[in-house]
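Structural overview for review
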Amino acid sequence: MSEPSRTPLHDWHVRHGARMVDFAGWEMPIQFAGILEEHAAVRERAGLFDVSHMGEVRLRGVDALPTLQRLTVNDASLIGPGRAQYTAMTTPEGGMIDDLLVYCLGPEEYLLVVNAGTTAKDVAWIREHSEGDVQIEDESTRWAQLAIQGPKAQASLAPLVDVDLDGIAYYRFGVTEIGGRQAIVSRTGYTGEDGFEIYLAPEQASGFADALLESGQPHGVQPIGLGARDTLRLEAGMLLYGTDMNEERTPLEAGLSWVVKLDKGEFIGREALRRQAEGGTAERLIGLVVEGRGVPRHGYPIHAAGAAVPDTGDDVRKPIGEVTGGTFSPTLKQGIGLAYVASSAAEVGACASVEVRGRQVPIRFVKPPFYKRQR
C-alpha cells in the first residue's frame, strides 16, 4: 500500500497539534482541539480549514465551454467571469462521476475543482470526452486551498487580501495576489456558514495560514479538522461524494435536481435523467432526525414505523432505506442523518425507525438542511 499524500500544510498541522489520519489517500488532520470545540468555533466565530487535497483542472480554448456543457449537468453558459457554479458530471446512465465547482476565469477559460479521491478518474473522463480546441491541464499540484468559515471569517480575512470582500457575493470570486503569486478568493464553503475559500500557491500556504490565525486571533479563529468539517456539512445538508452519492446514484435521486438543466441541450447522461425526471425515482435522499437516543451511521437500515428488528419478532419487514451518513448534531443536540429511502415512504414529516445496534430508534423525515445560519 502506498503512503498517503501530504498537503503543503502537513508540517503546519503537526506544529499545531493535529491528530492526522488517512483520508481519500491524503494524510489530513481529523482534529486539533477536539471536534465539538472546533464545530462551535465555526458556528460562533470562525475556523480555518486546509482543503488542499482537492483537485483542480483548467480548461481553456474556444471549445472550453462546449466541452463543459457536454460534460456537466448544469448550464455553464449562465456563469461569466468572476462567478462559480455547483454542478456534476454523470455517466450515460446518469450516475454521478463526481460533484464539482466550476469557476469561470474568462470567456474561454474555466477552473474545475473536483474531489480528492476522484481527481485521477475525473481528469481521465474529461480528456476522454473532450473535443475540439480545448486544452486540459491537471493543476492539482499547483494549488493549495484554505477555507475560512464562520461569522468572523470576513473580518479575519479582509486585512490580508487586496480585494473588496463586500463586493464578492455568494458563488462569486475575486482575483488577488498573495506573496506575489495570483490567488483566487471565493465566497463559497462547506459548512453552512458565511466564509471564503482561498486558492493560492503551495509555497504561500503555511505563511498565509499563520497570517490568518494572527489576523483572526481577536475573533477567536482556530484551525479545524475533518471531524468538525463533517458534522458542519451534515448540519448544513451538504453531500459528500462517495458516501451520499456515487456512480450508482443520479443527481435526481440525490436531491440535486436543481443543478440538472435538461433544456440546455445535449450532455452525457441527459436522456437517462430525462426519463427519470418524467418517471420518478425508486428511491431518493432525504434527511432524518432521531426522536430519542441514538446516532444514525453509514449503512444503518431504515424501517417503516412499527417494523421489528430482524430476529427479535415475527413482524419482520424489508428495510425501506439505508443511512448514507449521520452524526450527533452539536448544534441541535440530537442525531441527524441522510438516507436513501423508497420514494413512496420518503415524505417530510413521516415517521420511521433506524436500526441502531439491534434496536429500533424512532426517526422523522425532514427536508435538509438541518441548520440554517441567521443572516
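Use the structure listed above.
Attention in this report is confined to the structure presented alongside it. (Residues numbered from 1 in each chain as written. Predicted model: local features only at pLDDT ≥ 70, side-chain atom pairs only at ≥ 80, totals over all residues. Heavy atoms only, no water.)

For the rest of this paragraph, the subject is the packing of helix α2 (residues 35–44) against helix α7 (residues 226–235). Contact geometry for α2 and α7: axes closest at 8 Å, N-to-C directions at 50°. Accordingly, the angle class assigned to the pair α2 and α7 is oblique. The chirality of how α2 crosses α7 is right-handed. Here I35, E38, H39, V42 and R43 of α2 come into contact with α7, specifically with G227, A228, T231, L232 and E235. A breakdown of the residues in the contact of α2 with α7 according to their chemical character gives four nonpolar, three polar and three charged. (Axes fitted to C-alpha atoms, helices over the stretch in contact; angles between N-to-C directions. Helix = DSSP H or I, 4+ residues; strand = E, 2+ residues; numbered from the N terminus. Parallel < 35°, antiparallel > 145°, perpendicular 65-115°, else oblique. Left-handed = near helix turned anticlockwise from the far one by under 90°. Contact = heavy atoms within 4.5 Å. Nonpolar A, V, L, I, M, F, W, Y, C, P; charged D, E, K, R; others polar.)

Before going further, it helps to examine helix α3 (residues 64–71). Residues spaced three or four apart along an α-helix face the same direction, because each turn holds 3.6 residues. Turning to α3, its buried residues are A64, T67, L68, Q69 and L71. Buried-residue contacts for α3 involve β5 (55–60), β6 (84–90), β7 (96–106), β8 (109–114) and α4 (119–128). (Buried < 20%, exposed > 50% of the residue type's maximum accessible area, 1.4 Å probe, protein only.)

There is a patch of like positive charges on the surface, built from R293, R297, R357 and R359. Note on placement: R297 falls in the loop between β15 (283–290) and β16 (301–304). (Patch = residues over 30% accessible without salt bridge, like charges linked within 9 Å, V, L, I, M, F, W, Y side chains within 5 Å. Areas by Shrake-Rupley, 256 points an atom, 1.4 Å probe, with all protein chains shown as cover. Salt bridge = Lys/Arg side-chain N within 4 Å of Asp/Glu carboxyl O. Lys, Arg positive; Asp, Glu negative; His and termini not counted. Charge placed at Lys NZ, Arg CZ, Asp CG, Glu CD.)

What follows deals with the side chain of N74. Residue placement: N74 occurs in the loop between α3 and β6. Of the residues examined, N74 reaches a relative accessible area of 6% and is grouped as buried. A polar side-chain atom of N74 sits 2.9 Å from the main-chain carbonyl oxygen of Y86. If we skip the residues at most four places from it in the chain, N74 touches Q69, Q85, Y86, T87, V259, K261 and K264. (Polar contact = N/O pair within 3.5 Å; in protein donor to acceptor, adjacent residues only side chain to side chain.)

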